[in-house]
Amino acid sequence: VREPLNQARATTGSSRRALSAAPEGTVRRPARRPSPRGENLARALRCIADGDGEVSRADISARTALNRSTSGSLVDELISAGLVREVGIKVRSTAGRPPTSLALVDAGPAGLGIEVNVDHLATCVVDLAGNPRYRRVVTADQRGRDPRDVLRSAMALGAAAVHEAEEIGLEPQGMTLAVPGLVDVDRARVVLAPNLGWHDLTVGAQLDPVELGLPPDAVVTLENEANCAALSERRLLRSRTSFLYVHAGIGVGSALVLRGELHRGRNGWSGEVGHLTVEHDGPACGCGGRGCLEQYAGQEAVLRAAGLPSPVPGTSTGPGAVSELVKERVDGGDPRMLEAVGRAGRAVGLAVAQALNLLDIELVVLGGIYYDLGPLILPVVRAEVASRYAGARWAPPRIVTAVHGLDAPALGAARSVVQRIIDDPSDWLDAADPHRR
Ligand SMILES: [Zn+2]
């Protein structure tokens, strides 16, 4: 089924044809409203995606308020298009024919995520259900390299990931590139990535889907790293929770999710908690400001404050990860490291308390290096928030560590690709059957 499907996708779909005619240097994005049929397909598919293999045709009818024959035929369409499979008989106690459980396919359509970060590059391929099936991290400092060379390395890793994915029956249908900074998603431009030293950099021309081994009309897009990391929190997104996600490495990025949706702001730059001022005349920051959170709570800031030599040893992830070094020194009772971690925690708490005073949301998720440093940093952050967030006594916010660590951005980036199929499967179905249009 897979090959004819791909051929069909390459030659059909009016929206796709229009998108591939986009001018050089811009990202091809779908920009159409789903039809009523498309919306119903999406509702049924979302139901199956959220059901984790425990949902039947009758459940879909009940949950979507579509009648049984409509939901049944939607499911049949989704199965014949290769998005859904029957996974077995659902156990139940009542009499009658037992219903069949449905799940997303575990082969075929997939998503590729690539992360360019300051001291590592990462790739991840997820299947349609968002499960990571391939991951690779290359730790190497990217500072001082020509951005074009960095992107070439990232694209080569991405192409290798697509190749490996195909070996296990997956076909990535698009790519999202996660970058630690302000990005202009529509123009595929990195506006400012202070820790990489990048600014005003148009990258669209370098993100060629064919070079990655993707279908020529595949959607390739750019996204902020912390936004991608937040998209890895599947349970919170499904439950439509509002949360602030803080992702720390060398920089400190952040994403604001309101009722399960990323809140991007006017330019897509919202949630830059890392550049909230925690000390008026503090150290200069790559963003042009002074005393920003990341100058206190980023990994190199912590190491510097602990008196470690410059350039600071260690990387965010991989062997010799900074978090291991920090934990070792804390366990050994190193007073300077204890103070550096405490200072970082107080700075995060101060910034988070300000965000909570502004936003009144229920949950803060700490990710990136804070995933590993949670036991050290969480109590300090919680205490700081309790003393500075005005509503803390009446509605204490939950402050937790993330489900995924430094692998979250590439994972969330890959999931954003398959999410597009889940949100609008009709595009996929029409491509699978061009005569039905
Ligand atoms: Zn800053």
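Everything below is about the structure printed above this text.
Here the structure is a predicted model, which means the values were calculated and not measured.

Visitor: I'd like to hear about the environment of Ile60, residue by residue, with values.
Guide: Note that Ile60 resides in helix 4 (residues 57-64). When its relative accessible area of 0% is taken as the criterion, Ile60 is described as buried. The spatial distance from the C-alpha of Ile60 to the C-alpha of Leu45 is 9.0 Å, given a sequence separation of 15 residues. Once you skip the residues sitting within four places of it in the chain, Ile60 turns out to touch Ala44, Cys47, Ile48, Val55, Ala65, Ser71, Val75 and Leu102.

Visitor: An account of the coordination of the zinc ion is needed here, citing residue identities and associated values.
Guide: Every protein donor of the zinc ion is accounted for by His275 (ND1), Cys285 (SG), Cys287 (SG) and Cys292 (SG), and the metal-donor separations fall at 2.0 to 2.3 Å. Every donor counted, the four donor atoms about the zinc ion form angles of 103 to 122° at the centre, which fits tetrahedral coordination. Of note, the donors binding the zinc ion are all from one chain and are spaced H-x9-C-x1-C-x4-C. Among the residues examined, Cys285 registers a relative accessible area of 9% and is labelled buried. Exposure remark for Cys287: the relative accessible area of 30% places this residue in the partly exposed category.

Visitor: Pulling in residues and values, what's your account of the nonpolar core?
Guide: Core analysis: the largest hydrophobic core is formed by 44 residues, its most contacted members being Leu293, Met337, Leu366 and Tyr370. For this core, the secondary-structure elements that each account for two or more residues are strand 12 (243-248), strand 13 (252-258), helix 10 (294-297), helix 11 (299-305), helix 12 (322-331), helix 13 (335-359), strand 15 (363-368) and helix 14 (369-388). With 12 residues, helix 13 is the single largest residue contributor to this core. With residues near it in sequence (within four places) discarded, Met337 still touches Val302, Leu303, Ala306, Leu308, Val326, Arg329 and Val330. Counting residues in each nonpolar core, the second largest holds 35 residues, with Leu112, Leu170, Ala193 and Ala218 among its members.

Visitor: How would you explain the side chain of Thr241 if you had to name every residue and give the values?
Guide: Within the secondary structure, Thr241 sits in the loop between helix 9 (234-238) and strand 12. Of note is the side chain of Thr241, whose polar atom sits 2.8 Å from the side chain of Ser239. Those residues in contact with Thr241, other than ones at most four positions away along the chain, are Leu236, Val257, Leu258, Arg259, Gly260, Glu362 and Leu363.

Visitor: Can you explain the pattern of salt bridges? Please cite residues and give values.
Guide: Going through the model one piece at a time under the given rule, you end up with 22 salt bridges. The partner of Arg37 in a salt bridge is Asp430, with the nearest N and O atoms 3.8 Å apart. With Arg37 in helix 3 (residues 36-50) and Asp430 in helix 16 (residues 425-432), this pair connects stretches of sequence that are 393 residues apart.

Visitor: Describe in detail helix 13, supporting the description with residues and values.
Guide: With 25 residues, helix 13 ought to run about 36 Å at 1.5 Å a step, and its terminal C-alpha atoms sit 36 Å apart, in line with that. Asp360 sits one or two residues past helix 13 and shows a positive phi near 50°.

Visitor: Give a detailed account of the pairing of strand 16 (residues 398-401), specifying residues and quantitative values.
Guide: Relative to strand 16, strand 15 is paired through four bridges, and the arrangement is parallel. Pairing of Leu363 across the sheet is with Arg398, part of strand 16. Once you follow strand 15 into helix 14 and on to strand 16, the crossover reads as right-handed.

Visitor: Please set out the sheet that holds strand 9 (residues 189-193) residue by residue, giving values where relevant.
Guide: Strand order across the open sheet formed by three strands is 8-9-10, with antiparallel pairing between neighbours. Strands with a single pairing partner mark the edges of an open sheet, and in this sheet they are strand 8 (182-184) and strand 10 (198-202). Mean inter-strand twist for the sheet, computed between neighbouring axes without regard to direction, equals 10°. Note: strand 8 against strand 9, three bridges, orientation antiparallel.

Quick notes on the rules
- Residues numbered from 1 in each chain as written.
- Predicted model: local features only at pLDDT ≥ 70, side-chain atom pairs only at ≥ 80, totals over all residues.
- Heavy atoms only, no water.
- Helix = DSSP H or I, 4+ residues; strand = E, 2+ residues; numbered from the N terminus.
- Buried < 20%, exposed > 50% of the residue type's maximum accessible area, 1.4 Å probe, protein only.
- Contact = heavy atoms within 4.5 Å.
- Donors = N, O, S within 2.8 Å, 3.2 Å for Na, K, Ca; no water.
- Tetrahedral: all angles 85-135°; square planar, octahedral: opposite > 155°, others 65-115°.
- Core = buried A, V, L, I, M, F, W, Y, C linked by side-chain atoms within 4.5 Å.
- Polar contact = N/O pair within 3.5 Å; in protein donor to acceptor, adjacent residues only side chain to side chain.
- Salt bridge = Lys/Arg side-chain N within 4 Å of Asp/Glu carboxyl O.
- Expected span 1.5 Å × (residues − 1).
- Pairing = 2+ DSSP bridges.
- Right-handed = clockwise from strand over helix to strand, strands pointing away.
- Axes fitted to C-alpha atoms, helices over the stretch in contact; angles between N-to-C directions.

What is shown is where atoms sit, not what they do.
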